[in-house]
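Breakdown of the fold
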Amino acid sequence: MSDLSIERPEDGPMTVAMRPGTPEDAEACGQICHRAFTGVATAHGYPSDFPSPEIGIGLMTMLLAHPGFYSVVAECEGTIVGSNFLDERSSIAGVGPITVDPTVQESGIGRLLMQNVLDRAAAQGAAGVRLLQSAYNTRSLSLYARMGFQVRDVVACMQGPPIGATIPGYGVRSAAEADLAACNDVCRYVHGHDRSGELRDAIAQGSAVVVEHGGRITGYATATAFFGHAVGETTEDLKAVIGEAQSFEGSGILVPLRNSALFAWCLQNRLRVVFLMTLMSVGLYNEPAGAYLPSVLY
Ligand SMILES: CC(C)(COP(=O)(O)OP(=O)(O)OC[C@H]1O[C@@H](n2cnc3c(N)ncnc32)[C@H](O)[C@@H]1OP(=O)(O)O)[C@@H](O)C(=O)NCCC(=O)NCCS
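The structure contained in this document is the topic of the report that follows. The residue numbers shown here count from 1 along each chain, following its written sequence. Local features in this predicted model are restricted to residues of pLDDT 70 or higher, and side-chain atom pairs are both shown and tallied only at a pLDDT of 80 or more, whereas totals for entire chains, interfaces and linings draw on every residue. As a convention, hydrogens and water are excluded, and side-chain values are obtained from all of the structure's heavy atoms.

Take the site of the ligand next. The environment of the ligand is made up of 23 residues, and the closest members are Glu106, Gly110, Arg111, Asn137 and Arg146. We define a polar contact as two N or O atoms separated by no more than 3.5 Å, with the added condition that, inside protein, one atom must be a possible hydrogen donor and the other a possible acceptor, whereas residues neighbouring each other in sequence contribute only through side-chain atom pairs. At 3.2 Å from an oxygen atom of the ligand is found a main-chain nitrogen or oxygen belonging to Ser107. For the ligand, an oxygen atom lies 2.9 Å from a polar atom in the backbone of Gly108. Residue exposure ignores everything except the shown protein chains as possible cover, and the areas themselves are Shrake-Rupley values with a 1.4 Å probe. In isolation the ligand offers 960 Å² of accessible surface; the protein chains occlude 79% of this area. To qualify as a helix, a DSSP run of H or I must reach at least 4 residues; to qualify as a strand, a run of E must reach at least 2; elements of each kind are numbered from the N terminus. Of all the secondary structure elements, the ones that give two or more residues to the shell around the ligand are helix H1 (26-43), strand E6 (99-100), helix H3 (109-123), strand E7 (128-134) and helix H4 (138-146). Element by element, the count of residues in the shell around the ligand is highest for H4, at seven residues. A molecule or strand has a residue near it when one of that residue's heavy atoms lies within 4 Å.

Laid out in structure tokens, this is it:
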């Protein structure tokens, strides 16, 4: 099913249709992204991941122009009422952000936007699909679970002043294109697949760092931030990355609670828990063999 009929109190029955996003949709999608995230966060007493329309529009502008992302827009009688994205840069696709205009939420549009990207992932032959959702958001948690997503991990979004610690024996430096193969090896060791597409972008943007230990690369981060992921053969690799980060951009870094040693170390170093998130996936999922920090977009 690609169309949906919804009832708005003042307008009566209306049809919602799905279509691919275009760069011209960034303004409308970004406004909705800001309103949708801020609405649910405020209702639960949490800070918004998109506290201003500009932050939403900025992300949508990037995603709608990026060839590695698939996008879908929900339109109701010519007006955009929601959007969703699929990161197709790696073998495991990543969903989000998905947002629906608060005036028409809970009428089935979110389900259509999710089904659309799941159909796309299947058509593209993705081995699996992942996402992160705010644990306080009972609606998105339930929607994803009803669509087959399984809870894989719970992570704490952590924020605070730079720690300014170095881990003896673990050097951190900017990543270069020549590091790609060694970094992909670490990611394959930890997750069973690489995330080369995201890493290549981050190296080009200058945000990626590598960890060297014993004369070789044992970890990397695309950014020590809400929108960056990191992997390490051991927890020490990630302590090195986090310890030397100048800031934690966006809402914070995402620390898996099952990595008790890393979570305790972050707390000891004065990082605070902002909120919890749930990592969910459908299809191929390998239990991480090493240490990792997911990105909010997976
Ligand atoms: C999350 C969001 C995209 C969902 O879109 P939506 O159009 O409101 O959702 P839908 O109406 O399609 O689906 C909601 C589903 O959750 C179910 N649901 C809602 N609250 C529930 C609860 N507390 N317990 C169980 N099920 C619940 C509904 O019954 C429905 O299930 P169904 O499709 O199987 O009938 C939308 O609410 C939104 O934009 N929220 C703010 C931004 C956000 O949080 N985005 C997601 C980030 S992870």
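This next bit is on the pairing of strand E3 (residues 69-76). Extensive coverage of E3 is indicated by the burial of seven of its eight residues. Note: two strands are recorded as paired if DSSP finds a minimum of 2 bridges between them. Across eight bridges, E3 lies against strand E4 (residues 79-87) in antiparallel orientation. Pairing of Tyr70 across the sheet is with Leu86, part of E4. Connecting E3 to the next strand, E4, in antiparallel fashion are two residues, including Glu77 with a positive phi near 50°. Burial here depends on accessible area, computed with a 1.4 Å probe over protein chains only, as a share of the maximum for the residue type. Under 20% is buried, over 50% is exposed, and the range in between is partly exposed.

Moving on, we come to empty space enclosed by the protein. Cavities and pockets are found on a 1 Å grid laid over the protein atoms alone: a cavity is a set of points where a 1.4 Å probe fits but cannot escape, a pocket is an open set with protein on both sides within 12 Å along at least five of seven lines, and a lining residue has an atom within 4 Å of such a point. Grid points are joined across faces, edges and corners, and a volume is the space filled by probe spheres set on the points. The full count for this structure, using the stated rule, is two cavities of 30 Å³ or more. Roughly 60 Å³ of internal volume is contained in the largest cavity. Lining the largest cavity we find Ile92, Arg130, His191, His193, Leu284, Tyr285 and Asn286. Three classes are used, and their members are as follows: Ala, Val, Leu, Ile, Met, Phe, Trp, Tyr, Cys and Pro are nonpolar, Asp, Glu, Lys and Arg are charged, and the others, Gly among them, are polar. Looking at the lining of the largest cavity residue by residue, the classes come out as three nonpolar, three polar and one charged.

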